[in-house]
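Topology and contacts: notes
Take a look at the letters that make up each chain.
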Amino acid sequence: MLEWKMARPGRPYPCPWLCPLPCAVILLLALLAPLAIPLTPPSTRLLPGSACREGRCSTDNCDKETRWYLNGTRGLLTDGPGNYSVSMHCTWLIDGRSTAGTGEGARVHLRVESLQTECGWDNVYVWDGDSTREPLLATLSGNIQDEGNSPFELTAYSGMAYVHFFSDVALTMPGFNISYEVNRCNCSSMHGQCVERPSDGPLCLCEKGWTGPSCDEPKGCPDSYSCQNGGRCADSGACQCPPAFRGVDCSVPTWEGLWERVPFPGDQPVPAPSASHSAVLADRQDVYWVGGESFGAEKDMKRVHRLDLASMEWQLLSSTSGANPQKRYAHTTVAYNDSIYMYGGFVNSTIVSNELWQWEPKHEVWVLRQFNKECRVGCLPIPTAGHTAHVVDHKMLIFFGYGGPEYGFLNIVQEINLRSPPHNKRWSIVPTSGTYVYGTYGHSSVYDAKSNMVYIYGGFLPNQGRDPLNADSPKRLFLDNLWVRLLAYDPQKAYFKRMRDSPMPRFLHTGVLFSADAGMDDGILWFFGGNPRNETFVSRSAPCYTGDMVAYDIRCDQWHVMKTPKMNFDSIRLARYGHAAFMFKDQMYVLGGFQGKLLNEVLRFSPGQCRFAPSRETCLSIAMVGRKCAWNERSKQCTDGSTLLPGYEHVKCASANKDADEFKCSREVGMGCNMCLGTSLDCHWCKGSGLYGCTMQPCRDEGSLLTAISSCPREPDVFCSTFFNCQGCVTLSNNTCMWQREGVGRGGDCVPRVVPGPPQDLAETVSSSCDIPCTQRSTCETCTNSNGLCMWCANEERCVDPMAYNVVFSYGQCRDWTSTSRKCPTLGKCHGYKSCRSCLENPDCGWCDDGSGTGRGQCGMGSQRGPWETETCPSKLWYFSSCPACNCNGHAQCVNNSHTCQPCQDFTEGNNCEKCVSDFYGDPRNGGNCTECNCPDNAYGCDSETGNCKCSTKGTTGRMCDKCDELNHYSSHNGACFYELPIGYQFTFNLTKVEDSHFTSINFKSSPPERDFDVKFTLVCTNSSLVNVSYKTAVMAREELLIGSAVCSLEHKLDRVFSHDQLPFGQEGLNTTVFVYVHDFATPSVIVISFAQHASLDLLHFFVVFACCFLSLLLLAAVGWKVKQRYDLYRRRQRMFVEMEQMAKRPFACINLDLTRGASSEVDRATGTVRPLKRPLKNLLRPALVSSEALADGRHGVVSALIALPNGGGPGYAPWGQTGLCVGSALVTLQPGSHTRKPSLESNPKDKLKKQTHTAHSPEPDPT
């Protein structure tokens, strides 16, 4: 368990008055409250980290209590100081109707001061009422903080709020602080205060600058804010901004993006708050809001909402058909030929659907379209949820999604031709090519009509991985559950290509296309919102919702993180997921979503305007403007960059980071040739490099280079690894893969078929290869007996796949889950609990006392007002917010109506008579019986729940300690169990666990096999123990003692040698078995024991053998070294002969050069005669060496030199006007020390090589 050691910020509820006098009065009343009748409800005295129970302030937290009843006017709900614990169940019931001064019409206002829990797993639930049957207001998890002008607030209009907190068994975090206030107003806690008026009713007094029924509407300028950046305040109270700025207070530059909430009049039929709904733009200006998760607010889809974008008015359409689709979410809708087609989704939050419905706007009817024939398994269309859909060339394409536990995460593309006549319409799976893809849920996809490409980004996928250290394993290891990949799909070629990865992973987000109609701009994709949290320890504290926006440049294949907009006076919380989005007139509209509570608001995002960008950097920044602009350096102006304008600088594609791309090619792009070449990176594939031959570097063998994906070989291992589910592996792999089980109920892997053959019987293969899907396990016991393959959600009474938990319960629908059968209720949803405390841990349940005053009763479903089945329990015996004072489980009564039980009867004990006494077992809770164990003498009592005797000897098992644990090598001898010890090994028995606490003895036995060797026995004990050692042969009637009652401890180590002369070891028919009895020790204890049998060491013999072996090795090494020397010499000579032969083939001429004497004469250029020099020039004609390259023998080499020949124009001289320089090369004999290379050929007198000192063969020089 990972525990975050962070101090959780605790804030007391702020004083609502501005002056200090009322605060002082309240503090004085709070101090006098214990002495008199409180004038102020006691719960107002809450401090950070404290909790109120039945109106009394205490330091109890969720670790000690399970349910509180609060009836004060204000207070604080908290999980307690520090991090909360695992497996916590805490419930608060805030009753505003019984609060003094409120009564009828009371409302409970809650405000999240801070909240930090594990996203998706540890949730805070808030209902508008007194039970879980009331409307669910919020499911809070992740990281939620107070954002000033946009606080997170909830209002329970029923006058009661029911709050429940659940944490699972994994991770703990700082927790939450939620303040509340009870009044009859609907005031904003930021800008209003409720005042009760006895005659005229409550009144919300607003702060200066704020108005509206809830004091959440700013009056405008100048009361609420001042107009900035040169804006002028109009008489209407709105700021009139200059062209370069916009926003409520003119604080947002026009070149930046702007978020705003679309207002609607209060009388319009606005859709109910929902998430994972669909929105489709039809008729160019009508938007249909279809379905969605609404926490039970809608039961079916008879009603459809339509928004007219021209008039911004909502219309409620009611279906006139007799059969309407069931309520669903995570579905898709597309528009085609004046109709809307809806496919798939989660139906009633449980079943994954494969239905295709058609909505006819003209007639306002739903029509179910069924085109495929029925079959047993693998029927099309595959049930899908969390997918995306587009219509391309009259075909409806379904991308990926979750196919339920039967098919898992789908990596296929399904299609149906909507233009075909009904009798020819058929669903089919598109045979795709390109890079291999993995199935995802909650991704987004955008269709670009200009390039005819579909771009698919993000999504949730299961965390998979077999062996991260085995590079040859085809199973990928996904450290993250969220996908950062962007795929480009070509519908014409059915080809997938992986583009550059996004900097932000997410799922349940949206994507739209912002594109110009013509010009060089290929468009920009906007992706907004989503859930960014991965299932890794690194991101456990990340928020569940994000309001970030990223842009993808299609032409440049590059990502940009857009600037976060300002939110000064617009109380908009952008963070959300599960919303819908569409583009209309270059603006993005966002509908609904989820941010802890369901939303039904409509937001509008307008990108920046290029012409107002003040600088080149701003103009050319997609992250700032949100679109592509062009900059004119001469006029210092920015304009729209959709067309290529002369004299303007357009957005350029940034140069790629080759090091990062190389890393992605070699490590991240993945296994196999298809994944390597199916990317936008400049990767190529090197054959013969295993699964990881993807690189940007040159291949070792040029013939192994592959650059075209069509030349890739078949890779069934990689292809099959993209399937994570048995039935999907068998039915969707085109008869290529099979499921390899790890065992019954233990899952497995999708691997290539050993012998590819004809199509197999899919139904029979699935039945024999696959485990029962989780959805077909209808009880908690059958679900949790699947060895972790399934998990049981108690309140939903559903069995789900653990890998899909965040998919099935994306909005916190599961309030308690288990994967072990011991936590399963045995009698039903509430009736399985046998005590009041455990009953109240479930927010659905209450306790019905039997009236005996002993604590007996029955747990049932209900609310504060009583059980839901009124005939099951009288109201005076119903306990919902607390337990009866006396809880003795029916085995005693309390002393003077207190909490203390009288002496427990019926063989029970404990503070509440909840346990059986020693030597008795059973479940005495709620009137259960205790039964005597009747264990034998070799047992130390019995288990108080199962009745199994606690055997005192290690290795003894059975209900009555009458069996030996043969599975762990214990065998029986004379009614006792012995561990078989082989000779020559040391064994350590660690008896330090809780389940080992009842052991007091352990027995060993060993049979030495060697006849002529002694036996050495060693025993070490950490706790003081008594040891008996005996032996017995085959002919002996009983054992004879060798060591009796010896003490073994850390200070007294037993070390004995048993002579083979005294005991017959290893003799056939007479072999000796040694028995060791270790007893009378206390746990925890560690015992180390060994038997060794070997001959004594003869030192003389050892050293003689060692010396002989050592000398033999030296001799062999010397002979080997000499052989190596001769062989190396032979190879060098042969190589030298080859080089000499090659050099001899070059054209050579023999000349004699005097390299030692200087020049003594010169040629007279005028007469052409030779005359002597007065002073001879030494070494004037000595050649200048240019290079010297030694040959392999180290004694010869090729020398290149510049030589100055005599000039003067005569015979044998260079002509006039030329330098007489030439270049010559010669094969020479190198002198020792004339070069740096060490000679590689040893001197050998047998070599018939002539040494040359000053004369060399040189090629004919060409004069230059």
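1. Some details on the overall build of the chain
Along the backbone of the chain there are 13 helices and 88 strands. Residues counted as buried form 50% of the 1264 residues belonging to the chain. Long-range pairs, those at least 24 residues apart, make up 60% of the contacts in the chain with a sequence separation of at least 6. Working note: accessible area of the chain is about 62,000 Å², and carbon and sulfur atoms make up 52% of it.

2. Quick notes on the sheet that holds strand 8 (residues 136–140)
The strand order across the open sheet built from five strands is 3-5-11-7-8, with neighbouring strands paired in mixed fashion. Only two strands of the sheet have a single neighbouring strand rather than two, namely strand 3 (67–70) and strand 8. Between one strand and the next, the sheet's axes are offset by a mean angle of 15°, whatever the strand orientation. The pairing of strand 7 (residues 123–128) with strand 8 spans four bridges and is antiparallel. Bridge pairing in strand 8 places Tyr-125 opposite Thr-139.

3. Some remarks on the packing of aromatic side chains
For the structure on display, the rule yields 60 aromatic pairs. Measuring from centroid to centroid gives 4.7 Å for Tyr-489 and Phe-496, while their planes differ by 45°, and the two rings are tilted. The residues Tyr-489 and Phe-496 share a single accessibility class, namely buried. Measuring from ring centre to ring centre gives 5.3 Å for Tyr-805 and Phe-809, while their planes differ by 65°; the resulting arrangement is edge-to-face. Both residues of the pair, Tyr-805 and Phe-809, count as buried. Put simply, the rings of Phe-295, Tyr-329, Phe-346, Tyr-402, Phe-409, Tyr-441, Phe-460, Phe-507, Tyr-545, Tyr-577, Phe-594 and Tyr-811 touch in pairs and so form one group of aromatic residues. Between the NZ or CZ atom of Arg-133 and the centre of the ring of Trp-868, over which it lies, the distance is 3.8 Å. The lysine or arginine in question, Lys-597, covers the ring of Phe-152, its NZ or CZ lying 5.1 Å from the ring centre.

4. As for the environment of Ala-1204
Here Ala-1204 shows up in strand 86 (residues 1196–1204). A relative accessible area of 26% means that Ala-1204 is categorised as partly exposed. For Ala-1204 and Cys-1222, which are 18 residues apart along the polypeptide, the C-alpha to C-alpha distance reads 6.7 Å.

5. Focus on the pairing of strand 61 (residues 857–863)
Most of strand 61 sits out of view: five of its seven residues are buried. Looking at chain direction, strand 60 (residues 845–849) and strand 61 are connected through five bridges and run antiparallel. The residue of strand 61 that forms the bridge with Cys-848 is Gln-858. Here strand 61 pairs with strand 62 (residues 866–867) via two bridges, running antiparallel. Pairing of Gly-862 across the sheet is with Pro-867, part of strand 62. The antiparallel pairing of strand 61 with strand 62 creates a hairpin that spans two residues between the two strands.

6. Quick look at the side chain of Asn-887
Secondary-structure assignment places Asn-887 in the loop between strand 63 (878–879) and strand 64 (908–909). Given the relative accessible area of 17%, Asn-887 is considered buried. If we ignore the near neighbours within four places in the chain, the residues touching Asn-887 are Thr-854, Gly-855, Cys-894, Cys-901 and Asn-912.

7. With respect to unusual backbone geometry
Across the junction of Cys-221 and Pro-222, the peptide omega takes the value 0°, indicating a cis bond. Along the polypeptide, Pro-222 turns up in the loop between strand 16 (217–218) and strand 17 (232–233). The amide bond that connects Leu-380 to the next residue, Pro-381, takes the cis arrangement and shows omega of -5°. Position of Pro-381 relative to the elements: it lies in the loop between strand 32 (365–369) and strand 33 (388–392). If you check the backbone angles, Asp-919 has positive phi at about 70° while not being a glycine. According to the relative accessible area criterion, Asp-919 is partly exposed, its value standing at 40%.

8. Regarding the pattern of salt bridges
If charged atoms from side chains of opposite charge come close, those side chains can pair. On inspection of all chains with the given rule, the structure shows 20 salt bridges. The salt bridge involving Arg-865 is made with Glu-134; its shortest N-O contact spans 3.0 Å. Of this pair, Arg-865 sits in the loop between strand 61 and strand 62 while Glu-134 sits in the loop between strand 7 and strand 8; the two residues are 731 residues apart in sequence, bridging distant segments of the chain. The exposure class assigned to Arg-865 is exposed, which follows from its relative accessible area of 57%.

9. Brief notes about the sheet that holds strand 46 (residues 580–584)
Read across the open sheet, the four strands follow the order 21-48-47-46; overall the sheet is antiparallel. What marks the edges here is a single partner per strand, and that holds for strand 21 (258–261) and strand 46. For this sheet, the mean angle separating the axes of adjacent strands, direction not counted, is 25°. In the sheet, strand 21 pairs with strand 48 (residues 598–606) via four bridges, with the strands oriented antiparallel. Opposite Trp-259, over in strand 48, you have Phe-605 as the bridge partner.

10. Observations concerning the pairing of strand 68 (residues 939–942)
For strand 68 and strand 69 (residues 949–951), the ladder comprises two bridges, and the chain directions are antiparallel. In the strand pairing of strand 69, Cys-942 is matched with Cys-949. Counting the residues between successive antiparallel strands, the hairpin from strand 68 to strand 69 contains six residues, one of them, Gly-947, with a positive phi of roughly 85°.

11. Focus: a nonpolar patch on the surface
Residues Leu-1099, Phe-1102, Phe-1103, Phe-1106, Phe-1110, Leu-1111 and Leu-1114 make up a contiguous nonpolar surface patch of about 750 Å² in total accessible area. Structurally, Phe-1110 is set in helix 13 (residues 1099–1144).

12. Points about the confidence of the model for the chain
For residues with low pLDDT, the predicted coordinates do not support detailed interpretation. In this model, the chain carries a mean pLDDT of 81, and residues with pLDDT of at least 70 account for 81%. No element of the chain has a lower mean pLDDT than strand 2 (residues 56–58), which averages 34, and none a higher one than strand 33, which averages 96. Segment residues 1–60 is flagged for pLDDT under 50; beyond a separation of four residues in sequence, or across chains, it makes 98 contacts in the model. Long-range and interchain partners of residues 1234–1264, a stretch whose pLDDT sits below 50, account for 61 contacts in this model, where long-range means more than four residues apart.

13. As for helix 9 (residues 762–769)
Taken together, the buried positions of helix 9 are occupied by Ala-763, Thr-765, Val-766 and Ser-769. End-on view of helix 9: buried residues confined to an arc of 165°, all on one side of the axis. Of the residues in helix 9, the exposed ones pointing more than 90 degrees away from the buried face are Glu-764 and Ser-767. In the core, the buried residues of helix 9 are packed alongside helix 8 (726–731) and strand 55 (737–741).

14. A short note on the nonpolar core
By size, the foremost hydrophobic cluster in this structure holds 63 residues, and its most contacted members are Leu-110, Phe-346 and Tyr-441. Those residues in contact with Phe-346 that sit more than four places away from it in its chain are Lys-327, Arg-328, Tyr-329, Ala-330, Ile-351, Val-352, Ala-385, Tyr-402, Tyr-441, Val-807 and Val-808. Of all hydrophobic cores here, the second largest spans 33 residues; its members include Leu-981, Ile-1002, Val-1015 and Val-1076.

15. What to know about the state of the cysteines
Going through the model one piece at a time under the given rule, you end up with 32 disulfides. What pairs with Cys-830 in a disulfide is Cys-845, and their sulfur atoms sit 1.9 Å apart. With the S-S bond torsion at -85°, the cross-link from Cys-830 to Cys-845 turns out left-handed. Note that Cys-830 is positioned in the loop between strand 59 (817–818) and helix 12 (836–840) and Cys-845 in strand 60, a separation of 15 residues in sequence.

16. Some details on the side chain of Gln-595
For Gln-595, the location among the structural elements is in the loop between strand 47 (587–594) and strand 48. Look at Gln-595 and you get buried, because its relative accessible area is 5%. Within the structure, Gln-595 has its side chain in polar contact with the backbone oxygen of Ala-575 (distance 2.6 Å). Those residues in contact with Gln-595, other than ones at most four positions away along the chain, are Phe-152, Tyr-545, Arg-573, Ala-575 and Arg-576.

The rules behind the values
- Residues numbered from 1 in each chain as written.
- Predicted model: local features only at pLDDT ≥ 70, side-chain atom pairs only at ≥ 80, totals over all residues.
- Heavy atoms only, no water.
- Helix = DSSP H or I, 4+ residues; strand = E, 2+ residues; numbered from the N terminus.
- Buried < 20%, exposed > 50% of the residue type's maximum accessible area, 1.4 Å probe, protein only.
- Contact = heavy atoms within 4.5 Å.
- Areas by Shrake-Rupley, 256 points an atom, 1.4 Å probe, with all protein chains shown as cover.
- Pairing = 2+ DSSP bridges.
- Axes fitted to C-alpha atoms, helices over the stretch in contact; angles between N-to-C directions.
- Phe/Tyr/Trp six-rings, centres within 6.5 Å; stacked < 30°, edge-to-face > 60°.
- Lys NZ or Arg CZ within 6 Å of the ring centre and 35° of its normal.
- Salt bridge = Lys/Arg side-chain N within 4 Å of Asp/Glu carboxyl O.
- Patch = residues over 30% accessible without salt bridge, like charges linked within 9 Å, V, L, I, M, F, W, Y side chains within 5 Å.
- pLDDT = per-residue confidence, 0-100.
- Arc of directions from axis to C-beta.
- Core = buried A, V, L, I, M, F, W, Y, C linked by side-chain atoms within 4.5 Å.
- Disulfide = S-S within 2.5 Å.
- Polar contact = N/O pair within 3.5 Å; in protein donor to acceptor, adjacent residues only side chain to side chain.

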